[in-house]
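Tertiary structure, described
Each chain, written out:
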Amino acid sequence: MAKPKFYLTTPIYYVNARPHLGHTYTSVVADTIARYKRMCGYDVVCLTGTDEHGQKVERAAKEAGVTPQEFADRISAEYRALWRELDLPFDRFVRTTEPRHERAVQMLFRKAQDQGYVYKGGYEGQYCVFDEMYVDEPLPGNLCPECKRPTERVREENYFFKLSAFQERLLELYEKQPDFVQPESRRNEVLAFVRGGLRDLSISRTSFKWGIPFAADEKHIFYVWYDALTSYMTGVGYADDEVEFEKYWPADVHLVGKEILRFHAVYWPAFLMAAGETLPKKIFAHGWWLFAEEKMSKSRGNMQYPQPIARVLGVDALRYFLLREMVFGQDGNFSRESLLTRYNSDLANGLGNLASRTLTMIEQYFGGRVPARPAREENGRDAEVEKLKHEVCEEALRYYETYDFSRALEAIWRLIGEIDKYLVEFQPWVLVKEKAKWGRLEMVLYQAYDALRIVSVLAHPVLPHATQKIWEQLGNSTPISEQSMKALVEQKANGAGERQAFQIGKAEAVFPRVDKKEAFERIEAMEEEIRNPAAASAAAGATAGAAAPSGAVAGAAKIGIEDFAKVEMRVGVVKSAERVPGADKLLKLLVDIGEEVRQVVAGIAVAYTPESLIGKKVVVVANLAPRKLRGVESNGMIVAASTGPDGKPVLCTFTEDVPAGARLK
Ligand code: MSP
């Protein structure tokens, strides 16, 4: 019998900035669901891609001094390279500059137009380039209510989509299919928005060129969201391969961040209804990764990158942290502290330790032959453990089904914790000393072995590499990904499990413990290198708390005076200075900048003693987003010259008298 299909998507990512941990999160979630569904017997297709058109990209390319296509090629390649490095093997990757995608957009539009849902009209109003949307009611100062950036006045003759005609049908959709938008809280937001009334939507642009031209009116290009959303169909053959399209469309779930829910839950179904196409089954909006309480994003310059974590701790550790730490649907705070704590406690001491001690004992006591379950040895504790195994299987699968990964992992780790306790309770290392207790010893190690087998299968979607290694060490030769989740649960429901004795492989540590301080520093240094490849090597000891460059592509062009004016530099007088414990380069300073005294952490300890700084006049970048260094908040940055790879930082100061707080221009 043919397998049922499951088609899921990530958003296709904008190419105006390099991929960071926020983008990685959605992609890791998608890959985890894909792996899980495969183990549930589905024929899975998982799509991602890059969103390459629009004014934002056109402008970023101009600033970088390259064509939009060159710019898009570069960043799109970076996305693909990152997904390769993190072993996120997407089945489809759509670039919106591909010809097949243009055909898909034209076809969807033609169908909507044929049904009478498109008309030509004029528009005059404010436009937010960052969010790529018209703003009907800007905030005072013409700021965008979503992102608070200045909007621009536009006057255009456009093609309009009759969104207003879909209000009732959309409300009916949310009503009839209550799980169309998930989670519930987000669904309520969407409902309120649609109930508030829908205005027709301009779906063409003439004020810039970087987009797909309308076939019959080339002066117009498609609105970037009309273009981008259609990529979900392009990826499965729309306008290209009917058989493939029939097989996989509609999408079973579109995974999105909460900020783009409206486009997916309101505009997208309306575009599809207008063209007479089937709607996706579900839109799931997740929360944001925050860093120091702010959304991680290019514009705030507080991005964290996934590569350092993957290179220092491994890809599985990165996946585990992202999925365990954030309750799917809510916001989560990223900190390296909690990453490393989780790594050592859950992975090294938890799963890794259970695997190595169980396998080592089987090796030592039974010559590597897994003991069969001796029925006569069962006691009340064994029955409890068996029951827990069954419950955990059911619970984990139930949580996976609702994409509640943190709870699924919590359940799996409950079993790990319980088996740890069980081993301490029955002490196989004592049982082995008395021959009369060898039957009991077989039972105890069988229980631990069986639990490891269950944990490996259940955790495989999240930890694909580590569980495969454990699986081999358990003595299996077929890939763990071929295991069936359903069979595992059924087996446990029947009280059945692995009963044959067989030979295990060689035990090796899957998650070696790390020294937190050392790992922290390695991750931090690599982050810096990614943020600022040129400066990272030169400014080895320069000021810490530095503004992260925006993540724009290397080789970006010169900035205008208006960009420079955004940096607020002020004269500061150092009031106090002390070392940051455990950090050789960092000093914590209190600096008077006129209107207030600021705490700033600076990487200048190799060149200056705390005492030598008191009373010194320095230059402070005063409008940097706060950032924590070694857990100490830094509210700004001290400017210093960097003097080469091993050179010491030299503070920028004044030869004439200046008051604290004076602005540098
Ligand atoms: N191009 C549009 C999407 C078009 S889909 C038809 C876009 N691109 S984006 O590059 O800005 O990526 C947005 C997505 O990246 C979010 O929806 C979310 O999935 C992910 N994230 C970006 N920053 C994030 C966090 N700080 N935290 C979690 N996810 C975030 O919007």
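Before reading on, note that the structure itself is shown above.
Below, the structure is looked at part by part. From a predicted model like this one, the values you see are computed outputs, not experimental measurements.

Of all hydrophobic cores here, the largest spans 115 residues; its most connected members are Leu8, Leu313, Trp413, Leu458 and Leu463. Broken down by element, the residue count for this core peaks at 13 residues, all from helix α16 (residues 438-459). Contact partners of Leu463, with chain neighbours within four places excluded, come to Asp316, Tyr320, Leu347, Leu351, Trp413 and Phe511. Counting 68 residues, the second largest nonpolar core, distinct from the first, contains Phe222, Tyr223, Tyr232 and Leu279.

Close contacts around the ligand come from 23 residues, with Ile12, Thr26, Asp51, Gly257 and Trp289 the closest. Residue Ile12 places a main-chain N or O atom 2.9 Å away from a nitrogen atom belonging to the ligand. The separation between an oxygen atom of the ligand and a polar side-chain atom of His286 is 3.3 Å. A total of 670 Å² of accessible area belongs to the ligand in isolation, and the protein chains cover 95% of it. Looking at the shell around the ligand, the elements with two or more residues in it are β2 (13-14), α1 (21-39) and α7 (224-234). With 4 residues, the single largest contributor to the shell around the ligand is α7. Taken together, the residues that form the shell around the ligand break down as 12 nonpolar, 8 polar and 3 charged.

As enumerated under the stated definition, the model contains 44 aromatic pairs in all. When the ring of Phe161 is compared with that of Phe166, the centres are 5.6 Å apart and the planes differ by 5°; the resulting orientation is stacked. Across the pair, exposure class does not vary: Phe161 and Phe166 are buried alike. Chaining the aromatic ring pairs together yields one cluster made of Phe109, Tyr117, Tyr159, Phe161, Phe166, Phe214, Phe222, Trp225, Tyr226, Phe263, Tyr267 and Phe271. Here the guanidinium or amino end of Arg18 rests over the ring plane of Tyr305, the centre of that ring lying 5.7 Å away. Taking NZ or CZ as reference, Arg440 lies 4.4 Å from the ring centre of Phe426, over its face.

Strands sit in the order β6-β5-β7-β9 across an open sheet of 4 strands; the sheet is antiparallel. Both edges of this open sheet fall to β6 (133-135) and β9 (201-202), since each of them pairs with a single strand only. Direction of pairing for strand β5 (residues 118-128) relative to strand β7 (residues 152-161): antiparallel, over a ladder of 10 bridges. Residue pairing for β7: Tyr119 is matched across the bridge by Phe160. Lying over the sheet, helix α9 (residues 261-275) contacts β6, β7 and β9, oriented at roughly 35° with respect to β7.

Mapped onto the secondary structure, Glu137 falls in the loop between β6 and β7. Along the sequence, Glu137 and Gly125 sit 12 residues apart, while their C-alpha atoms lie 9.5 Å from each other.

With that settled, the discussion passes to helix α13 (residues 380-401). An ideal rise of 1.5 Å per residue puts 32 Å on 22 residues; α13 measures up with 32 Å between its terminal C-alpha atoms. By the burial criterion, the buried members of α13 are Arg381, Asp382, Val385, Glu386, Leu388, Lys389, Val392, Cys393, Glu395, Ala396, Leu397 and Tyr400. Those residues of α13 hidden inside the fold are in contact with α1, α14 (405-426), α16 and α18 (485-493). Put simply, Asn379 is the residue that caps the front of α13, since its side-chain oxygen is 2.9 Å from the backbone nitrogen of Arg381. Downstream of α13 by one or two residues, Tyr403 has phi in the positive range, about 60°.

Each value, and the rule that gives it
- Residues numbered from 1 in each chain as written.
- Predicted model: local features only at pLDDT ≥ 70, side-chain atom pairs only at ≥ 80, totals over all residues.
- Heavy atoms only, no water.
- Core = buried A, V, L, I, M, F, W, Y, C linked by side-chain atoms within 4.5 Å.
- Buried < 20%, exposed > 50% of the residue type's maximum accessible area, 1.4 Å probe, protein only.
- Helix = DSSP H or I, 4+ residues; strand = E, 2+ residues; numbered from the N terminus.
- Contact = heavy atoms within 4.5 Å.
- Near = heavy atom within 4 Å.
- Polar contact = N/O pair within 3.5 Å; in protein donor to acceptor, adjacent residues only side chain to side chain.
- Areas by Shrake-Rupley, 256 points an atom, 1.4 Å probe, with all protein chains shown as cover.
- Nonpolar A, V, L, I, M, F, W, Y, C, P; charged D, E, K, R; others polar.
- Phe/Tyr/Trp six-rings, centres within 6.5 Å; stacked < 30°, edge-to-face > 60°.
- Lys NZ or Arg CZ within 6 Å of the ring centre and 35° of its normal.
- Pairing = 2+ DSSP bridges.
- Axes fitted to C-alpha atoms, helices over the stretch in contact; angles between N-to-C directions.
- Expected span 1.5 Å × (residues − 1).

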